[in-house]
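Given next are the chains, with one letter for each unit.
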Amino acid sequence: MERDSYCGVLLIGDPHVEGRVPGFRKDEYPEVVLEKLHWCLKTAQDQNLLPVILGDLFHVPRDNQNSLLCQLINLFDSPVYGIYGNHDCRENQLTEHDTLSILVQAGKYHLLSAEAPWRGKMRGQSVIVGGTSWGQKLPKSGEFENEEEDPLIIWVTHHDLIVPGYEEQGHFKPYEIVGVDYVINGHIHRTLEDVVKGQTTWVTPGNIVRRSRSDASRSHVPSVLKLEVTPEGWGRSVLEVPHQAFDEVFYEEVLEETEEGVPSAFISGLAELQSRRTDTGAGLQLFLEKNLEQFSTTVADEVRNLASEVSSNDTE
């Protein structure tokens, strides 16, 4: 698609492509997540939208299967833009040893930054789409005051923002960035309320795939954010990504009662471990989370260290 033929942007949250089945999912996750990505890119093409990924294309930064990489190279036939997230890089910045760098070097994934934003026209309007990857500094307010043609500006980020519903984990407060209309943040896997600071609206759209079995995941609707240029500026809508019902995707939680009829975390955890031998060791992690509080900090930390050697954590 020609640079000036786009009419908007499709923002795709955290695919987390992986060769294993995460958490307590019971489907063929590697195939499912690639199907969702294909749907997103096909939608972008059909609707003349610039596809932008909000980081964490991969769940693990290195040693991804060649088959996954080959399928992504085929999927990214048209230009795909985005940033890198914390799961895309082993260190605090992308290096040549990380899988995503192969797609970047092959020209299949165009990294957005302050120095290398996407610039062009959409429906005759000058547009800038920039980005700040994980671990990098967010733009300063007023950084875009001297832009010519009064462009519409979207900025994509992958940070622990302090937004409603994520206050305890957040580290960065949203602020007005003069000239920037929208900041679209990845990293946080569920849809949260907007934060408006002056001219700038900070949006947390959530990701396109549910990885963990939780109440937050149950209520999350996998979707993408569409920003389309209109005579008034940006027109905004949410497009639901095809997905199955939560109970069809995740195993039901195993609950075992004690003789008193009260569910026991210890007994339920053991039952879960026995019945759900997950690829990522999610049952073991859940069991430890529920039961390590009864031990001293030293013992608990040692058990966690041992567990981390045989399984990987499935965190945001």
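Above this note sits the structure.
The structure presented is a predicted model; accordingly, all values stated were derived computationally and were not measured.

Rules used in this analysis
- Residues numbered from 1 in each chain as written.
- Predicted model: local features only at pLDDT ≥ 70, side-chain atom pairs only at ≥ 80, totals over all residues.
- Heavy atoms only, no water.
- Core = buried A, V, L, I, M, F, W, Y, C linked by side-chain atoms within 4.5 Å.
- Buried < 20%, exposed > 50% of the residue type's maximum accessible area, 1.4 Å probe, protein only.
- Helix = DSSP H or I, 4+ residues; strand = E, 2+ residues; numbered from the N terminus.
- Contact = heavy atoms within 4.5 Å.
- Axes fitted to C-alpha atoms, helices over the stretch in contact; angles between N-to-C directions.
- Parallel < 35°, antiparallel > 145°, perpendicular 65-115°, else oblique.
- Nonpolar A, V, L, I, M, F, W, Y, C, P; charged D, E, K, R; others polar.
- Pairing = 2+ DSSP bridges.

## Observations regarding the nonpolar core
Okay, step 1: One finds V17, L57, L72, F76 and L103 to be the most contacted residues of the largest nonpolar core, which totals 34 residues.
Okay, step 2: Elements supplying a minimum of two residues to this core: β1 (8-12), α1 (29-46), β2 (49-53), α2 (66-75) and α3 (99-105).
Okay, step 3: Top element by residues in this core is α1. It accounts for seven residues.
Okay, step 4: Once residues lying within four places of it in the same chain are set aside, the contact partners of F76 are L41, I53, L57, L103, K108 and Y109.
Okay, step 5: If you look at the next biggest cluster of nonpolar residues, it comprises 23 residues, including Y81, L152, Y182 and I184.

## Considering the packing of α1 against α2
Okay, step 1: At a closest axis distance of 11 Å, the pairing of α1 and α2 adopts a crossing angle of 10°. On the basis of their axis angle, the class for α1 and α2 is roughly parallel. Only L68, Q71, L72 and L75 of α2 make contact with α1, whose side of the interface consists of P30, L34, L37, H38 and L41.
Okay, step 2: A breakdown of the residues in the contact of α1 with α2 according to their chemical character gives seven nonpolar, two polar and no charged.

## Observations concerning the sheet that holds β2
Okay, step 1: Read from one edge to the other, the open sheet built from six strands follows the order β4-β3-β2-β1-β11-β12, with strand pairing classed as mixed. If you trace the sheet from one side to the other, it starts and ends with β4 (109-111) and β12 (233-240), each paired once. The mean inter-strand angle of the sheet, taken between neighbouring strand axes irrespective of direction, is 30°.
Okay, step 2: Of the pairings in the sheet, the one linking β1 to β2 comprises five bridges and is parallel in character. Note that in β2 the partner of G8 across the bridge is L49.
Okay, step 3: Against the sheet, α1 makes contact with β1, β2, β3 (80-82), β11 (223-230) and β12, and its axis sits at roughly 175° relative to β1, the strand it touches most.

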